[in-house]
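# Fold and contact review
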Amino acid sequence: MEQIKELTKRLIANSFKELLQQMPFEKITIKTITDHANVIRPTFYNHFHDKYELVEWIVQEEILKAAALKLDSGEGDEAVRIILTGFYEDREYYRKAFDIIGQNGFEATLSERLKEIIEKAYSHKKAVKDSPVSAGLAVRYYVSGIITVIRYALFEAGESTIEEIINMYTYLMKHTIFELLD
C-alpha cells in the first residue's frame, strides 16, 4: 500500500514538473495537474494540501532527503555534491521553480528546508570554543551561500560542468573574501 502511495505521489509530481515546463506556476491548477496525471482531484488532496506543498515534496524527495542523510553521517562534502548535482541535472525544472515567489515561494521554502537539515545534522556538535559567531548565524550564512551557488548553476554557469561548479563552491567555502581579493 505504501508503495502505491509513493508511486501516486511521483505520478502527480511528474505531471506537475512537465506542466511547469509548459506554463507559469500561477496558471497551473490542481485540475490541470490531475487531468495531466490521469487521476481524479481527490487523489491529489489525499497526498498534498496544495501545489506549494507538492513543490516542496519534489525537492525534498529528489535532493534534500539524500543530502540530509549524508549530513547526518558527517559527510558534508557528499551532501553538497548531492544538492548541487540534483539541481544541475534537473535545471530546467528548478529554473521554473525559482520563479515561484510570494509567501510560499520556492527560494524561501528551500532556504527553510536547508536550514532545518543543517541544524539537525549539527545539533549534536559542540560550537567552536571562543567563536564570535552563533550557530544560527553560521547556518544562515551557509544556506545563503549554497543557494547562491545553486542559482549560479541554474542561471549563469553556461558551459560549466557540475564538477567545476562543485569545485567553485568548495573553493569559496575554504577561502575568505580577503584571500580572494589579494
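Preceding this paragraph is the structure being described.
Let me begin by describing the structure that accompanies this report.

About the thresholds
- Residues numbered from 1 in each chain as written.
- Predicted model: local features only at pLDDT ≥ 70, side-chain atom pairs only at ≥ 80, totals over all residues.
- Heavy atoms only, no water.
- Helix = DSSP H or I, 4+ residues; strand = E, 2+ residues; numbered from the N terminus.
- Buried < 20%, exposed > 50% of the residue type's maximum accessible area, 1.4 Å probe, protein only.
- Contact = heavy atoms within 4.5 Å.
- Areas by Shrake-Rupley, 256 points an atom, 1.4 Å probe, with all protein chains shown as cover.
- Lys, Arg positive; Asp, Glu negative; His and termini not counted.
- Charge placed at Lys NZ, Arg CZ, Asp CG, Glu CD.
- 1 Å grid on protein atoms, 1.4 Å probe; cavity = no way out; pocket = protein on both sides within 12 Å on 5 of 7 lines; lining within 4 Å.
- Points joined across faces, edges and corners; volume = space filled by probe spheres on them.
- Nonpolar A, V, L, I, M, F, W, Y, C, P; charged D, E, K, R; others polar.
- Phe/Tyr/Trp six-rings, centres within 6.5 Å; stacked < 30°, edge-to-face > 60°.
- Lys NZ or Arg CZ within 6 Å of the ring centre and 35° of its normal.
- Core = buried A, V, L, I, M, F, W, Y, C linked by side-chain atoms within 4.5 Å.
- Polar contact = N/O pair within 3.5 Å; in protein donor to acceptor, adjacent residues only side chain to side chain.
- Axes fitted to C-alpha atoms, helices over the stretch in contact; angles between N-to-C directions.
- Parallel < 35°, antiparallel > 145°, perpendicular 65-115°, else oblique.
- Left-handed = near helix turned anticlockwise from the far one by under 90°.

### Some points on the overall build of the chain
Of the regular secondary structure elements, the chain holds 10 helices and 0 strands. When the helices and strands of the chain are read in sequence order from the N terminus, they spell out α-α-α-α-α-α-α-α-α-α. Over its C-alpha atoms, taken along the principal directions, the chain stretches across nearly 60 × 40 × 30 Å. With 182 residues in all, the chain has 37% of them scored as buried. Sequence-distant contacts, at least 24 apart, represent 64% of the contacts inside the chain between residues at least 6 apart. Just so you have it, the chain exposes about 11200 Å², and 54% of that area is on carbon and sulfur atoms. Charged side chains of the chain number 23 positive and 29 negative; the gap between the two group centres comes to 4 Å.

### A closer look at the layout of surface pockets
The computed volume of the second largest pocket comes to approximately 400 Å³. Lining the second largest pocket are 15 residues, and of these Tyr141, Leu172, Met173, His175 and Leu180 sit closest to its centre. Counting only elements with at least two residues in the lining of the second largest pocket, the list comes to α8 (135-155), α9 (162-174) and α10 (177-181). For the lining of the second largest pocket, the leading source of residues is α8, giving 6 residues. Of the residues assigned to the lining of the second largest pocket, the class counts are 11 nonpolar, 4 polar and no charged.

### Regarding the packing of aromatic side chains
A full pass over the atoms with the stated rule returns 13 aromatic pairs. Here the aromatic rings of Phe87 and Tyr94 are separated by 4.5 Å at their centres, their planes lie at 55°, and the arrangement is tilted. An aromatic cluster of at least three residues, connected via ring pairs, comprises Phe16, Phe25, Tyr52, Phe87, Tyr93, Tyr94, Phe98, Phe106 and Phe155. Here the guanidinium or amino end of Lys51 rests over the ring plane of Phe25, the centre of that ring lying 4.2 Å away.

### Quick notes on the nonpolar core
Within the largest apolar cluster, 53 residues are counted, with the highest numbers of intra-cluster contacts made by Phe16, Leu84, Phe87, Tyr94, Phe106 and Leu110. Here this core takes 10 residues from helix α4 (residues 51-72), the largest share from any one element. Once you skip the residues sitting within four places of it in the chain, Phe16 turns out to touch Phe25, Ile28, Ile33, Leu54, Val55, Ile58 and Tyr93.

### Notes on the side chain of Lys17
Turning to its location among the elements, Lys17 is positioned in helix α1 (residues 2-22). Among the polar contacts made by the side chain of Lys17, one reaches the side chain of Asp90 at a distance of 2.4 Å. Not counting residues up to four positions away in its chain, the partners in contact with Lys17 are Ile58, Glu62, Asp90 and Tyr93.

### Quick notes on the packing of α4 against helix α7 (residues 106-122)
It is at 10 Å that the axes of α4 and α7 come closest, and there the two elements cross at 25°. As judged from the angle between their axes, α4 and α7 are roughly parallel. Regarding α4 and α7, the two cross each other, and that crossing is right-handed. From α4, Val55, Glu56, Val59, Gln60, Leu64, Ala68, Leu71 and Asp72 reach across to α7, where they touch Phe106, Thr109, Leu110, Arg113, Leu114, Ile117, Ile118, Lys120, Ala121 and Tyr122. Residue composition of the contact of α4 with α7, grouped by class: 12 nonpolar, 2 polar and 4 charged.

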